[in-house]
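Coordinate inspection notes
Listed below, chain by chain, are the residues.
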Amino acid sequence: METVLVTGGAGFIGSNTVKALLQKGYRVLCLDNFADDLYDPKYKEGYVAELSSHENFVLYRADICDFEAVKEIFQKEKISYVIHLAAKANTRKAVGEPHSYVEVNIGGTINILELAKEFNVLNTVIASSSSVYGNSDRMPWKEDDIADRPLSPYGMTKRSDEVLAYTYHHNFKLNITCLRYFNAYGENNRPDLVPYIWGMAILKGGEIEISGDGSRKRDYTYIGDIVDGTIRAMEKPLGFEIINLGNNQPTSLKELVGVFERVTDFEVKVKSRPSHTSSVESTYADITKAKELLGWKPTTSIEEGITKLVNWLRDNRLKEAL
Ligand SMILES: NC(=O)c1ccc[n+]([C@@H]2O[C@H](COP(=O)([O-])OP(=O)(O)OC[C@H]3O[C@@H](n4cnc5c(N)ncnc54)[C@H](O)[C@@H]3O)[C@@H](O)[C@H]2O)c1
């Protein structure tokens, strides 16, 4: 049985990835510090509690910035694959607290790469982000587009991780795939993201805030598709690659309101608010490379995905909020 280390395994993408890996028969080490202040750690504790009944699940409470603590895990275990998702993940917050974003997202990633090198990990997948593209208007975004104008220090850290990872491939022949995730949403959704905030407001009968005139588009990608692409990337060492994982079908904020109205059968009350300087106009993934190299394409429409999100919010979050 092969062992996979998932950093940030108690988070949104992490908990879904860990669950899918366990279902596929892997032994999974979930590493998380539960201390990141982006949202209430009780949610992460809840995800981990669900997973802990599985015999092949092991939890490590550790900080990726603590090299010795993470090294102990590598010494104790025989890790075949690493899926490195642990990071500080909010674009806007990063503008106000760049030091901690650099420390965790770049400093933590160096630690993971050093240990992947030292312990001969077969393949490492690193979470990058569509935010590396900044406000590029050459749509859809391709992996070889210039990506040196992110709008937030967060995007800068993700681009830096990609560049850093390349040096480990070049000097030590490590297999590393950096995945540029586009606007993930679905079960265990992060509470700071629009689909969650809107879903909760709508289910409670409240009003939602829409930035600008609602024409901004996001390439919302269902979590099941994100997880599928992540595991495909892990199972297929490619030397060094950067690959977009996005829905390839951007939805405007106005259209997203319509999707929520159809799915919930509620009429949505909308209030406009100014947009943040670090928010890009649109995101739109070219996914030719993911199709060619990973045999991956998204299979969940925005209507299906938002239905799943709304059902999950109703079953898990609505009661506690009322
Ligand atoms: N959600 C998206 O749409 C999206 C889009 C692009 C990229 N990403 C990237 O995907 C990854 C996962 O994002 P997510 O949405 O699941 O966010 P998340 O905040 O739910 O998950 C990140 C996890 O990392 C953990 N973590 C943070 N700092 C840590 C540290 N120092 N040591 C150990 N663990 C630490 C957190 O506790 C959290 O559980 C991140 O790298 C993020 O930048 C996410």
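Residues numbered from 1 in each chain as written. Predicted model: local features only at pLDDT ≥ 70, side-chain atom pairs only at ≥ 80, totals over all residues. Heavy atoms only, no water.

Some words on the overall build of the chain
Summing up its helical and strand segments, the chain has 11 helices and 13 strands in all. Once the C-alpha set of the chain is aligned to its principal axes, its extents read approximately 55 × 45 × 40 Å. Taking all 322 residues of the chain together, the buried fraction comes to 56%. Summarising the internal contacts of the chain: among those between residues at least 6 apart in sequence, 84% fall at separations of at least 24. When the accessible area of the chain is evaluated, it comes to approximately 13700 Å², of which 49% is carbon and sulfur surface. Between the averaged position of the 39 positive side-chain charges in the chain and that of its 45 negative side-chain charges there is a distance of 1 Å. (Helix = DSSP H or I, 4+ residues; strand = E, 2+ residues; numbered from the N terminus. Buried < 20%, exposed > 50% of the residue type's maximum accessible area, 1.4 Å probe, protein only. Contact = heavy atoms within 4.5 Å. Areas by Shrake-Rupley, 256 points an atom, 1.4 Å probe, with all protein chains shown as cover. Lys, Arg positive; Asp, Glu negative; His and termini not counted. Charge placed at Lys NZ, Arg CZ, Asp CG, Glu CD.)

Points about the pattern of salt bridges
Per the stated rule, a full pass over the model turns up 21 salt bridges. Across the pair Lys-71 and Glu-118 runs a salt bridge, and its minimum N-O distance is 3.3 Å. Of this pair, Lys-71 sits in helix H3 (residues 67-76) while Glu-118 sits in helix H5 (residues 98-118), and the two are 47 residues apart along the sequence. The class of Glu-118 is partly exposed, set by a relative accessible area of 39%. (Salt bridge = Lys/Arg side-chain N within 4 Å of Asp/Glu carboxyl O.)

Concerning a negative patch on the surface
On the surface, Asp-63, Asp-66, Glu-68, Glu-72 and Glu-103 cluster together to form a negatively charged patch. Secondary-structure assignment places Asp-63 in the loop between strand E3 (57-61) and H3. Judged by relative accessible area, which is 31%, Asp-63 ranks as partly exposed. (Patch = residues over 30% accessible without salt bridge, like charges linked within 9 Å, V, L, I, M, F, W, Y side chains within 5 Å.)

Considering unusual backbone geometry
A cis amide bond, omega -10 degrees, links Met-139 with the succeeding residue Pro-140. You can see Pro-140 is positioned in the loop between strand E5 (123-129) and helix H6 (153-172).

So, the site of the ligand
For the ligand, the set of nearby residues contains 29 residues, the closest of which are Ile-13, Asp-32, Tyr-39, Tyr-154 and Lys-158. Residue Ile-64 places a main-chain N or O atom 3.0 Å away from a nitrogen atom belonging to the ligand. Measuring from an oxygen atom of the ligand, one finds a side-chain N or O atom of Arg-190 at 2.9 Å. Coverage of the ligand by the protein amounts to 97% of the 820 Å² it exposes when considered alone. Within the residue set of the shell around the ligand, elements represented by two or more residues are helix H1 (12-23), E5 and H6. (Near = heavy atom within 4 Å. Polar contact = N/O pair within 3.5 Å; in protein donor to acceptor, adjacent residues only side chain to side chain.)

A short note on H1
Along an α-helix, a turn takes 3.6 residues, which lines up residues three or four apart on a common side. For H1, which comprises 12 residues, the first-to-last C-alpha distance of 17 Å matches the rise-based estimate of 16 Å (1.5 Å per residue) to within 8%. Among the 12 residues of H1, 10 are classified as buried, and the element is accordingly described as predominantly covered. Regarding H1, the residues found buried are Phe-12, Ile-13, Gly-14, Ser-15, Asn-16, Thr-17, Val-18, Ala-20, Leu-21 and Leu-22. One or two steps after H1, the chain reaches Gly-25, where phi turns positive at roughly 95 degrees. (Expected span 1.5 Å × (residues − 1).)

A word on the packing of aromatic side chains
For the structure shown, the criterion picks out 11 aromatic pairs. Between the aromatic rings of Tyr-168 and Phe-172, the centroid separation amounts to 5.6 Å while the plane-to-plane angle is 50 degrees, which identifies the pairing as tilted. One end of the pair, Tyr-168, and the other, Phe-172, are both in helix H6, 4 residues apart, so they sit about a helical turn from each other. Exposure remark for Phe-172: the relative accessible area of 40% places this residue in the partly exposed category. An aromatic cluster is built from Tyr-133, Trp-141 and Phe-182, whose rings are joined through pairwise contacts. The ring of Tyr-39 is capped by Lys-44, whose NZ or CZ atom sits 4.7 Å from the centre of that ring. Of note, Lys-117 hangs over the ring of Phe-172, and the distance from its end group to the ring centre comes to 4.6 Å. (Phe/Tyr/Trp six-rings, centres within 6.5 Å; stacked < 30°, edge-to-face > 60°. Lys NZ or Arg CZ within 6 Å of the ring centre and 35° of its normal.)

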